[in-house]
Structure formats: structure tokens, C-alpha cells
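Read off the chains here:
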Amino acid sequence: MLIPFRRRKAPDDAPSPSVGPDRRVYAIGDVHGRDDLFAQLLDRIALDEADRRPLPRLLILLGDLVDRGPQSRQVVERAMNLAHAGEDVHFLKGNHEEMFVAAARGNVRAAALFRRYGGVETLASYGLEPGQSAGMDDEAIAQWMLAHVPRDHVDFLDAFPDMLPLGDYLFVHAGVRPRIALDAQIAADLRWIRGDFLNHRHHFGKMIVHGHSISDDVDVQPNRIGIDTGAFRSGLLTAIGLEEDRRWFLQTGA
């Protein structure tokens, strides 16, 4: 599904932001364990790119690859295969990667949060069925993850950076803290922030492309673009395409 974008002027009729010359960028929102949709969207990106002039392609995943959906392990493996195949791909760390990594390294407090926010489905994808995990306390969950989640998966997710600036854009999982310089942001805000960021009406210094906060469709504002369309429950996984000052959206079917 290709969604045309009707240009909206930034405040004071500022020029439309540009990702820079001589490259095409695709950024994908929160996959959340839906490997089926991840595969579909990668295919749609390939078809979209085939209809455009040849340019170097950069692919960005905005974080929250895991949890909630049924195929987190498969999503991680597909992401690792993209990285190992030499694709120009960047992964950003979301709050769910943060919880997953800490729990998988034996942190009992993190395991409690992880299982509460969609980790039960992730554990099932690694072989621990919900009926089994329900009878285990948080310490047992952390120890199971320490013993059964592949260490290369944990290290891969933990290595994700928190932000990626490109031209007039900044790509991040959750958002940024208003009135704080972009180079002074802290990881907790970049991975977790919602209200203060979403409700801010002024420019952040760059156009922010983010996931984390679910909307029914793409959420285009003068200072930010949200592309988390709740794939794990809606069946709608979204990508934004960017080339110079143009933008468009691609989606899987609901």
C-alpha cells in the first residue's frame, strides 16, 4: 500500500526538511514481533525502490523489534541477516530492546517489566511457552533467559545506538526532550518519552521521525512524524521513504 503525502508547511513557511542529496532513506516503525509483516514491508520497499531512479539506499529500523507479537526471535534473526549481508541498515534502540537485554543478562527487576509488557510472547518465540512462564517467578524468568536466549542476539540488540541524524532529520525511537539540545539528550528520554514530546508544538532543531507512540495511521506534525501504527495488533506496519525534500509512506495491509 503506497500512501501519497500531501505536503504540510512547517511553521513560518520554512523550507521542507531534506534528508540530503544522493541517497534514499526508508525508516520502518515498531515491528514488535511481527516477522510476517516485516518481510512483507521489506518486499514493498524493494518494489518501491525499483520504480525510482537508482540511488544508494539506507534502511533504518526505529526500535522495538521485539515483544507483543509472536515472532520476536524470527524478527531478530531477519534483522541480523540484513546486517550481516552488508546492507546499509541502521537499528535504533527502543525501550523494549532495553528491557529485553537487561532481562536476558539476568536482571530480575528488568525481567518483571519485560514479562509485563509483551515479553511472554517473546519468551514463547525462544521456546518457553506461556503456560510454563506463568508458573515461574521473575528470578526464574531471568535465569531462563540467561541460559536460553542466544548471546549473539542479546549483544546485537544492545549495540543499537539511540539516535541517527541525517540532513534535516533526526531518527529516534520514542522522541526527544523539548528545550534540551539534541546532543544533550539522555537515553531514557530517547527510548521512553511520550507526553512532553508529543504535545510540544515548537521545532526541535530537526524534523523528528519516531515510533513508540501508536497512532491509527501516520502522525505527521510540523515538528515530528510518528510511524508506529501498532503492527502487533493492527497488522499495519509502516515505513517512511525520504529522498531530498520529498517523503512518502509504505504500509502492509491491515
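Just above, that's the structure.
Description of the structure in this document. Source: prediction; values computed, not measured.

Points about the overall build of the protein chain
Looking only at helices and strands, the protein chain has ten helices and eleven strands in total. Here the C-alpha coordinates of the protein chain stretch approximately 60 × 40 × 30 Å along the principal axes. With 254 residues in all, the protein chain has 55% of them scored as buried. In the protein chain, of all internal contacts separated by at least 6 residues, the share reaching a separation of at least 24 is 66%. Accessible surface, the protein chain: about 11,200 Å² in total, of which carbon and sulfur atoms supply 49%. Between the mean site of the 30 positive side-chain charges and the mean site of the 37 negative ones, the protein chain shows a separation of 4 Å.

A few points about the nonpolar core
Within the largest apolar cluster, 45 residues are counted, with the highest numbers of intra-cluster contacts made by Ile28, Leu59, Leu61, Leu65, Phe100, Met145 and Leu157. Leaving out residues up to four positions away in the same chain, Leu59 has contacts with Tyr26, Ile28, Leu42, Ile45, Leu82, Asp88, Val89 and His90. Formed by 20 residues, the second largest nonpolar core is a distinct cluster that contains Val25, Leu62, Phe171 and Ile240.

Structural notes on the pattern of salt bridges
Under the defined criterion, the tally for this structure stands at 21 salt bridges. A salt bridge links Glu49 to Arg57, with the nearest nitrogen and oxygen atoms 3.5 Å apart. On the accessibility criterion, Glu49 (18% relative accessible area) is buried. Of the residues examined, Arg57 reaches a relative accessible area of 22% and is grouped as partly exposed. Note that Glu243 and Arg53 form a salt bridge whose closest N and O atoms lie 3.0 Å from each other. A residue pair is termed long-range when its members are at least 10 positions apart, and Glu243 in strand 10 (residues 238-243) and Arg53 in the loop between helix 1 (35-50) and strand 3 (57-61) qualify at 190 residues. Under the relative-accessibility criterion, Glu243 is labelled buried at 4%.

Brief notes about the pairing of strand 11 (residues 246-251)
Counting buried positions along strand 11 yields five of six residues, so the element is predominantly enclosed. In this sheet, strand 11 lies alongside strand 10 in antiparallel orientation, the contact comprising six bridges. Its bridge partner being in strand 11, Leu242 is matched across the sheet by Arg247. Where strand 10 hands over to strand 11, the hairpin turn is made up of two residues, of which Glu244 adopts a positive phi near 50°.

Let's talk about the sheet that holds strand 6 (residues 169-172)
Taken in spatial order, the five strands make up an open sheet running 5-6-7-9-8, and their pairing is mixed. Every interior strand has two partners, whereas the edge strands, strand 5 (163-166) and strand 8 (219-220), have only one. Relative to strand 6, strand 5 runs antiparallel, the two being bridged by four bridges. In the sheet register, Met163 faces strand 6, and the bridge partner there is Val172.

Let's talk about helix 2 (residues 72-84)
Taking 1.5 Å per residue as the helical rise, helix 2 with its 13 residues ought to reach 18 Å, and the 18 Å between its terminal C-alpha atoms agrees with that figure. Considered for burial, the residues of helix 2 that qualify are Ser72, Val75, Val76, Ala79, Met80 and Leu82. In an axial view of helix 2, the angular spread of the buried residues amounts to 155°, which keeps them on one side of the axis. The exposed set on the far side of helix 2, more than 90 degrees from its buried face, consists of Asn81 and His84. Contact partners of the buried residues in helix 2: helix 1, strand 3, strand 4 (89-91), helix 4 (108-125) and helix 7 (151-158). Positive phi appears at Gly86, one or two residues downstream of helix 2, with a value of about 85°.

Cut-offs applied
- For every chain, the first residue of its written sequence is number 1, and the numbers climb from 1 along that sequence.
- Given that this is a predicted model, residues contribute local features only at a pLDDT of at least 70 and side-chain atom pairs are listed and counted only at 80 or more, while totals for whole chains, interfaces and linings are drawn from all residues.
- Heavy atoms throughout the structure, all of them, feed into the side-chain values; hydrogens and water do not.
- Secondary structure elements are defined from DSSP: runs of H or I of at least 4 residues count as helices, runs of E of at least 2 residues count as strands, and each element is numbered from the N terminus.
- Burial here depends on accessible area, computed with a 1.4 Å probe over protein chains only, as a share of the maximum for the residue type. Under 20% is buried, over 50% is exposed, and the range in between is partly exposed.
- Here, residues are in contact when the closest pair of their heavy atoms is within 4.5 Å.
- Note on areas: Shrake-Rupley with a 1.4 Å probe; residue coverage comes only from the protein chains shown.
- This count recognises Lys and Arg as positive and Asp and Glu as negative, with His and chain-terminal groups excluded.
- A charge is said to be at NZ when it belongs to Lys, at CZ for Arg, at CG for Asp and at CD for Glu.
- The nonpolar core is taken to be a set of buried Ala, Val, Leu, Ile, Met, Phe, Trp, Tyr and Cys residues, with the residues joined through side-chain atoms within 4.5 Å.
- We define a salt bridge as a side-chain nitrogen of Lys or Arg found within 4 Å of a carboxyl oxygen belonging to Asp or Glu.
- By definition, two strands form a pair when at least two bridges between them are found by DSSP.
- A helix's residues, less one, multiplied by 1.5 Å, set its expected span.
- The reported arc concerns the directions from the helix axis to the C-beta atoms and nothing else.

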